[in-house]
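Next come the chains, spelled out residue by residue.
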Amino acid sequence: MSKPVLLQMFPEELAQWFKEQGQPAFRAKQVFGWLHKGAGFDQMSNLPLALREQMAEQAAANPIDIISRHRSQKEDTVKLLFSLADGHCVEGVLMRYRYGVTLCLSTQVGCRMGCSFCASTLEGLARNLTAGEMMGMVLLANGELPADERAHNIVLMGSGEPFDNYDEVVRFLRLVSHPEGLNIGLRHISLSTCGLTEQIRRFAMEGLPVTLSVSLHAPDDQIRAQMMPVARAWPMDALLDACRYYIAQTGRRVVFEYALVDGVNNQSEHARALAARLRGMQCHVNLIPLNHVPERQLRGVTRTQADAFLKELETLHISATLRREMGDDIAGACGQLRRRHLKKGADASLAVALDSTGEDTV
């Protein structure tokens, strides 16, 4: 039987756990604070030694660890490969912008959505991540930063479809924003979905004012279905209706992610069709230069092509920006680093790809 993960629990749940262990409930607040600072049981200095030993024997704090760090030579970006207790691995990326550090997190080990431009789905879905595992990634990533710094922005845009792991993702959002913990403002968190319309409507009622990012990637159903199998279940009209519902319920604009793929969705007529679809909505289009995935046959666009598409949208009065390319030299696209690790095999990866500090030497 596996040990309970205390990082998975809210203070009131911790209080119940301590009560079951014959300990006073007030320990819950102390331990919750320590856990959300990234502390292990042995570091909780204001707790009796006997209690720390009891917790170490009966429970787990952070259930994950870092396998490797892959630092970009082009910008201040670090891709982290995390190991999970059951032997699976998953990725996260720290990205430094002028306004602070953003952490990109995964929500599943792999993915079952089957998008044609993504490496995450090549191995299928292994399992969902727990809220405690997602919290563990945040705390370990913060440990990679200088002592006076932490990630203030989180994007759930790594491997997996967040709404395919709905309950654990919502639990994570409430944990990471808890006022007695990291207290990260929900408005500093973005959640990206490929368009599960029922879950979008459900999420609109959660009272969690995160930024909803929808992977659109096409101006019509025909092109979108070629790139994203989910489009066959939920056509664009249904998806955009769900987005309008989200906007009406939350007052928050929706961000539409649009990966520019050469010869597929990047022509002027595509920009015009996209603008016609979105006109009148409280939204923003985030254009994404496609990271190359060797196993896929899709090609990204040139900067000139991307700028032309952006200009066309702006001319049509659609709010849009072009995302800065980051991490393409460190397997930056979702799932690439995990796939590379799986292909090498765990033993070979640790022996060949890592030096004694855990830095990628490739």
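Each value, and the rule that gives it
- Throughout, a residue's number is its position along its own chain's written sequence, starting from 1.
- Whole-chain, interface and lining totals are the exception, using all residues; otherwise, since this is a predicted model, local features are given only for residues with pLDDT of at least 70 and side-chain atom pairs are given and counted only at 80 or more.
- To obtain the side-chain values, all non-hydrogen atoms of the structure were used and water was disregarded.
- Strands are runs of DSSP state E lasting at least 2 residues, helices are runs of H or I lasting at least 4, and numbering of each runs from the N terminus.
- Think of it in three bands: with a 1.4 Å probe and only protein chains considered, a residue is buried below 20% of the maximum accessible area for its type, exposed above 50%, and partly exposed in between.
- By definition in these notes, contact holds between two residues if any of their heavy atoms fall within 4.5 Å.
- Each accessible area is a Shrake-Rupley result for a 1.4 Å probe, and residues are judged covered by the shown protein chains and nothing else.
- By convention, a stacked pair of Phe, Tyr or Trp rings (six-membered ring in the case of Trp) has centres within 6.5 Å and planes under 30 degrees apart, an edge-to-face pair has planes over 60 apart, and any other such pair is tilted.
- Both a distance and an angle decide whether a charge sits over a ring: NZ of Lys or CZ of Arg must be within 6 Å of the ring centre and within 35 degrees of the ring normal.
- Each polar contact in these results corresponds to two N or O atoms within 3.5 Å; when the atoms are within protein, one needs to be able to donate a hydrogen and the other to accept it, and residues that are neighboring in sequence are counted only if both atoms are side-chain atoms.
- What makes a salt bridge here is a side-chain nitrogen of Lys or Arg within 4 Å of a carboxyl oxygen of Asp or Glu, nothing more.
- As a per-residue quantity, pLDDT reports the predictor's confidence and falls between 0 and 100.
- Here, strands pair whenever DSSP counts at least two bridges between them.
- Fitting a line to C-alpha atoms yields each axis, with helices limited to the stretch in contact; the angle taken between N-to-C directions then spans 0 to 180 degrees.
- Grouping buried Ala, Val, Leu, Ile, Met, Phe, Trp, Tyr and Cys residues that are joined through side-chain atoms within 4.5 Å yields what is termed a nonpolar core.
- One less than the number of residues in a helix, times 1.5 Å, gives the span that helix is expected to have.
- Regarding the arc, it is the one traced by the directions from the helix axis to the C-beta atoms.

Caption draft 1: How the structure looks around the overall build of the chain. On a plain count of helices and strands, the chain comes out with twelve helices and twelve strands. For the chain, the residues scored as buried account for 55% of the 362 residues in total. Within the chain, contacts between residues separated by at least 24 positions form 68% of all contacts whose residues are at least 6 apart in sequence. Surface accessibility of the chain: about 16000 Å² in total, with carbon and sulfur atoms responsible for 49%.

Caption draft 2: Summary view of the side chain of Asn142. Here Asn142 lies in helix α4 (residues 131-142). Beyond its immediate stretch of four places on either side in the chain, Asn142 contacts Glu149, Arg150, Ala151 and Leu182.

Caption draft 3: View of the packing of aromatic side chains. Applying the stated rule across the entire model yields seven aromatic pairs. Between Trp17 and Phe18, the aromatic rings sit 5.2 Å apart at their centres with planes inclined by 75 degrees, giving edge-to-face as the arrangement. By relative accessible area, which is 0% here, Phe18 ends up buried. Grouped by ring-pair contacts, the aromatic residues Phe163, Tyr166, Phe203 and Tyr246 constitute a single cluster. When the ring centre of Trp34 is taken as reference, the NZ or CZ atom of Lys37 above it lies at 5.3 Å. Positioned over the ring face of Tyr245 is Arg201, at 5.1 Å from the centre of the ring.

Caption draft 4: Here's a closer look at the side chain of Lys79. Looking at the element boundaries, Lys79 is found in strand β2 (residues 77-83). Here the side chain of Lys79 touches Glu91 through a polar contact of 2.7 Å, side chain to side chain.

Caption draft 5: Structural detail: unusual backbone geometry. For Asn183, which is not a glycine, the phi torsion comes out positive at approximately 55 degrees. If you trace the backbone, Asn183 turns up in the loop between α5 (166-176) and β8 (189-193). Judged by its relative accessible area of 43%, Asn183 falls in the partly exposed class.

Caption draft 6: Molecular detail of the pattern of salt bridges. Taken as a whole and assessed by the stated rule, the structure comprises 16 salt bridges. A salt bridge links Arg127 to Asp86, with the nearest nitrogen and oxygen atoms 2.6 Å apart. Of this pair, Arg127 sits in strand β6 (residues 125-128) while Asp86 is found in the loop between β2 and β3 (89-97), placing the two residues 41 residues apart along the sequence. In this structure, the salt-bridge partner of Asp241 is Arg244, at a minimum N-O distance of 3.2 Å. Residue Asp241 and its partner Arg244 are both found in helix α8 (residues 236-250); the two are separated by three residues, about one turn of the helix. Residues participating in the shared-partner salt-bridge network are Arg69, Arg71 and Glu144.

Caption draft 7: Highlighting the confidence of the model for the chain. For the chain, per-residue confidence averages 88 on the pLDDT scale, and residues scoring 70 or more make up 87% of the total. Looking at the elements of the chain, mean pLDDT is at its lowest for helix α12 (residues 346-353), recorded as 37, and at its highest for α5, recorded as 98. Within the model, pLDDT remains below 50 along residues 329-333, and this stretch shows 20 contacts once partners closer than five positions in the same chain are excluded. Counting interchain partners and residues more than four positions distant, the pLDDT-below-50 stretch residues 346-362 has 25 contacts.

Caption draft 8: Seen up close, the sheet that holds strand β1 (residues 65-71). Pairing in this open sheet of ten strands is mixed, and the strands run β1-β2-β3-β4-β7-β8-β9-β10-β11-β12 from one edge to the other. Every other strand in the sheet has two partners, leaving β1 and β12 (320-322) as the edge strands with one partner each. Across the sheet, the mean angle from the axis of one strand to that of its neighbour is 20 degrees, orientation sign disregarded. For β3 and strand β4 (residues 100-105), the ladder comprises six bridges, and the chain directions are antiparallel. Bridge pairing in β4 links Gly92 to Leu105. Packed onto the sheet, α8 meets β9 (211-215) and β10 (254-260) and runs at close to 145 degrees relative to β10. Docked against the sheet, helix α10 (residues 303-315) engages β10, β11 (283-289) and β12, running at close to 170 degrees with respect to β12.

Caption draft 9: Examining the nonpolar core more closely. Grouped together as the largest cluster of nonpolar side chains are 109 residues, with contacts concentrated most on Phe172 and Leu173. In contact with Leu173, not counting residues within four places along its chain, are Leu156, Leu186, Ile189, Leu191, Phe203, Leu208 and Val210. Ranked by size, the runner-up nonpolar core spans five residues in total, among them Val93, Cys104, Val155 and Met157.

Caption draft 10: Examining α10 more closely. A rise of 1.5 Å per residue sets the reference length of α10, with its 13 residues, at 18 Å; its end C-alpha atoms lie 18 Å apart and thus fit the reference within 8%. If you check which residues of α10 are buried, you get Ala306, Phe309, Leu310 and Leu313. Buried residues of α10, seen end-on, are gathered within an arc of 100 degrees and therefore sit on one face of the element. Projecting away from the buried face of α10 at angles above 90 degrees are the exposed residues Thr304, Lys311 and Thr315. On its buried side, α10 packs onto β10, α9 (268-278), β11 and β12. Directly beyond the C-terminal end of α10, a positive phi value near 65 degrees is found at His317.

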